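Residue strings, one per chain:
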Amino acid sequence: MATLIDNGPKAIDINNLAQDDKVHRSVYTDPAVFALEMERIWEKSWIYVGHESQVKEPGQYYSTTIGRQPVILTRHTDGEIYVLFNRCAHKGAKLVGDECGKAKELRCCYHGWRFHLDGSLLSIPLEQGYDGTDFNRDDPDANVQRVPRYDSYRGFVFASLSAEGPDLVDWLGGVASSIDNMADRAPDGELEITGGVMRYEHDSNWKFFIENLNDLMHPMVTHQSSSLTARVVAKKSLGDQPAPPAIEIISPFTESYSFFDEMGLHAFDHGHGYSGGKTSIHAKYSDVPDYNAAMEKAYGKEKVEEIFAVNRHNTVFYPSATIKGAIQTMRVVKPIAVDKTVIESWTFRLKGAPDELLKRSILYCNLINSSANLVGPDDQEAYRRQQTGLESEGADWVLMHRDHGRDEDLGNGHIYAKGSSDLAFRNQYRAWKRYMSEGAS
Ligand SMILES: [Fe+2]
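Remember, predicted model here, so these are calculated numbers, not experimental data.

**Structural notes on the nonpolar core**
- By size, the foremost hydrophobic cluster in this structure holds 82 residues, and its most contacted members are Phe156, Phe158, Phe317, Met330 and Trp432.
- Shared between two domains, this core holds at least three residues of each, these being domain 1 (47-160) and domain 2 (169-438).
- In this view, Phe317 contacts Phe158, Trp171, Leu172, Val175, Ile179, His272, Thr322 and Ile323; residues no more than four positions away in its chain are not counted.
- One finds Ile249, Tyr364, Val375 and Leu423 within the second-largest nonpolar core, a separate group that totals 23 residues.

Take a look at the structure:
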């Protein structure tokens, strides 16, 4: 029986909107559904905030958002990281206006209240004016508030605006191994964000992007004009010469249905999942000189073989972050409105590895993720067309029936299906429905 959830003047029927094998178009188009998603998913679940390497030194800060709320990731003089609400304790002004920087203290631009980077109050101009009043500088409310929970997994910092819910490691579950594999690919076992961020705006709902990453039935169609053209041109001009990195990267997008089927889909609780495993579109990149030697020196031959045997395509940490471990890139989702989303594309350096790998990651982001290059714009066009099509009254349902009922249960919440299955979508909506009905806790 459907559960009616009171959302002010309008009741949103969650169970009817997201069914086992189809979702109602309004999940992508209704501003009231978007507002409820912000409250019950984005402001409850663990959301990716940033990487510890962005705040390596005491005094460094990085400002971002969790759902609709501005937050700051900081490194205090005690060496610890903190995630604070970006709000002055005095009259509420956004404390940090720029995106990142380094400072001995955080000083509000409005009335000059100063705070340590752990949020604690440092000083107030003419503080004696508060003597004998109800204001108490030792009251926790006089500090910049920390978000209820934050934690880091191998340098990846997530935060939750809910005081309750599973801890980060439990919540990550089966996809923590994707972070492990990306970090293990560094001879020093650590990653660091390098350079800036590529940030682009999609005129479409946030879920189109997060669904698309493990949609293995679209590349050979959507990317035909970019990837297949690159293959044909490369074949003509290069003949049997080895393909340059750009061609190695772009060609596999138009592999066959059977190739993508073979990659497979893996789904876990909380909407997480990855595609690929033993193989992926990244599996056939040329060796980078000196990299294998550095890895073998660090880990030994057997362990290195184990690390490189994991070849995943996209891993989704639902709802906010996705990584490509094999190419050391990350994309972060920032929903703005029901039909507007910002996607950030970041690159990582593998500590102890040759710079050639970082160059390849940057090439990947420029070539594939950028709005001004190939492949990414194909996807954006598809998302925008979905947004436009679903705003029509042509039909109510978005279908995800393919291979429904044929998933393989591998135990411990790990579900497997061949790549052409709609498993990834059904799994995301299973989590969506739970969050929207109950909240993350
Ligand atoms: Fe695509």
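**Some thoughts on the coordination of the iron ion**
- Around the iron ion, the donor atoms from the protein are His218 (NE2), His223 (NE2), Asp379 (OD) and Asp379 (OD), and they sit 2.0 to 2.6 Å away.
- In this structure, the iron ion is coordinated by four donor atoms arranged in irregular fashion, with angles at the metal of 54 to 145°.
- In primary sequence terms, the donor set of the iron ion follows H-x4-H-x155-D. Residue His223 is located in the loop between helix H7 (219-222) and helix H8 (224-238), and its partner Asp379 is located in helix H14 (residues 376-390); the two are separated by 156 residues in the primary sequence.

**Considerations on the sheet that holds strand S10 (residues 114-115)**
- Ordered by their spatial adjacency, three strands build an open sheet running S9-S10-S11, and the pairing between neighbours is antiparallel. Strands with a single pairing partner mark the edges of an open sheet, and in this sheet they are strand S9 (106-107) and strand S11 (121-123).
- In this structure, S10 lies alongside S11, joined through two bridges in antiparallel fashion. Paired with Phe115 across the bridge in S11 is Leu121.

**A word on the side chain of Ser421**
- Relative to the assigned elements, Ser421 resides in the loop between strand S24 (415-417) and helix H15 (423-438).
- The class for Ser421 is buried, based on a relative accessible area of 4%.
- A polar contact of 3.4 Å, which involves the side chain of Ser421, links it to the side chain of Arg426.
- Among all residues touching Ser421, those that are not within four sequence positions of it are Leu265, Arg402, Asp403, Asp407 and Arg426.

**A look at the packing of helix H11 (residues 291-299) against helix H12 (residues 301-309)**
- Running from N to C, H11 and H12 cross one another at 120°; their axes reach a closest spacing of 7 Å. Here H11 is positioned oblique relative to H12, judged by the angle of their axes. The handedness of the crossing between H11 and H12 is right-handed. On H12, the residues that touch Tyr291, Asn292, Met295, Glu296 and Tyr299 of H11 are Lys301, Lys303, Val304, Ile307 and Phe308.
- Of the residues contributing to the contact of H11 with H12, the split by class is six nonpolar, one polar and three charged.

**Let's talk about the domain arrangement of the protein**
- Once the domains are mapped, the protein shows domain 1 (47-160) and domain 2 (169-438).
- Here domain 1 and domain 2 have C-alpha centroids that lie 33 Å from each other.
- Contacts between the two partners involve 14 residues from domain 1 and, on the opposite side, 26 residues from domain 2.
- There are four salt bridges connecting domain 1 and domain 2.
- When the shortest N-O distance is used, the salt bridge between Glu99 and Arg199 registers 2.8 Å.

**As for the sheet that holds strand S4 (residues 47-51)**
- In spatial order, the strands read S4-S13-S12; together these three strands make up an open sheet with antiparallel pairing. Looking along the sheet, the strands with just one partner apiece sit at the ends: S4 and strand S12 (149-153). The sheet shows a mean angle of 30° between the axes of neighbouring strands, direction not considered.

**A look at helix H3 (residues 31-42)**
- By the criterion of burial, H3 is predominantly enclosed, with nine of the 12 residues buried.
- Looking at H3, one finds that the buried residues are Ala32, Val33, Phe34, Leu36, Glu37, Met38, Arg40, Ile41 and Trp42.
- N-cap assignment for H3: the residue whose side-chain oxygen lies 2.8 Å from the backbone N of Ala32 is Asp30.

**Topic: the pattern of salt bridges**
- Under the defined criterion, the tally for this structure stands at 28 salt bridges.
- Residue Glu192 pairs with Arg349 through a salt bridge whose shortest N-O separation is 3.3 Å. Taken together, the residues Glu192 in strand S14 (residues 191-193) and Arg349 in strand S21 (residues 340-350) connect sequence positions 157 residues apart.
- A relative accessible area of 13% places Glu192 in the buried class.
- Using a relative accessible area of 27% as the deciding quantity, one classes Arg349 as partly exposed.
- A salt bridge links Arg385 to Glu381; the nearest nitrogen and oxygen atoms lie 2.8 Å apart. With Arg385 and Glu381 both in helix H14 and four residues apart, this pair spans about one turn of that helix.
- For Arg385, a relative accessible area of 59% puts it in the exposed group.
- Here Glu381 falls in the partly exposed class, since its relative accessible area comes to 40%.

Calculation notes
By convention here, each chain's residues receive numbers from 1 onward along its written sequence. Since the coordinates come from a predicted model, pLDDT governs what is reported: local features require at least 70, and pairs of side-chain atoms require 80 or more to be given and counted, while whole-chain, interface and lining totals use all residues. Side-chain measures were taken over the full set of non-hydrogen atoms in the model, leaving aside hydrogen atoms and water. Nonpolar cores are built from buried Ala, Val, Leu, Ile, Met, Phe, Trp, Tyr and Cys residues. Side-chain atoms within 4.5 Å join them into one set. Each residue is assigned to one of three classes by its accessible area relative to the maximum for its type, calculated with a 1.4 Å probe on protein chains only: buried under 20%, partly exposed between the two thresholds, exposed over 50%. An automatic or database domain assignment is the source of the domain bounds shown. The contact criterion used is simple: two residues touch if any of their non-hydrogen atoms lie within 4.5 Å. Donor atoms (N, O, S) are those found within 2.8 Å of the metal centre, with the cutoff raised to 3.2 Å for Na, K and Ca; water is not part of the atom list, so apparent gaps in a site can occur. In short, tetrahedral needs four donors with all angles between 85 and 135 degrees, square planar needs four and octahedral six donors with opposite donors over 155 degrees apart and all other angles between 65 and 115, and whatever is left is irregular. In this text, helices come from DSSP runs of H or I with a minimum length of four residues, and strands from runs of E with a minimum of two, each type numbered from the N-terminal end. Pairing between two strands is assigned when DSSP locates at least 2 bridges connecting them. Any pair of nitrogen or oxygen atoms within 3.5 Å is treated as a polar contact; in protein, a donor-acceptor pairing is required on top of that, and neighbouring residues in sequence qualify only through side-chain atoms on both sides. Under this scheme, a helix contributes an axis fitted over its contacting stretch, all axes are lines through C-alpha atoms, and angles between N-to-C directions fall in the 0 to 180 degree range. Orientation is classified from the angle alone, with under 35 degrees giving roughly parallel, over 145 giving roughly antiparallel, 65 to 115 giving roughly perpendicular, and any other angle giving oblique. Should the near helix be turned anticlockwise from the far one by less than a right angle, the crossing is left-handed, and should it be turned clockwise, the crossing is right-handed. All residues other than Ala, Val, Leu, Ile, Met, Phe, Trp, Tyr, Cys, Pro, Asp, Glu, Lys and Arg, Gly among them, are scored as polar; the first ten of these are nonpolar and the last four charged. Note on definitions: salt bridges are taken to be side-chain nitrogens of Lys or Arg within 4 Å of carboxyl oxygens of Asp or Glu.

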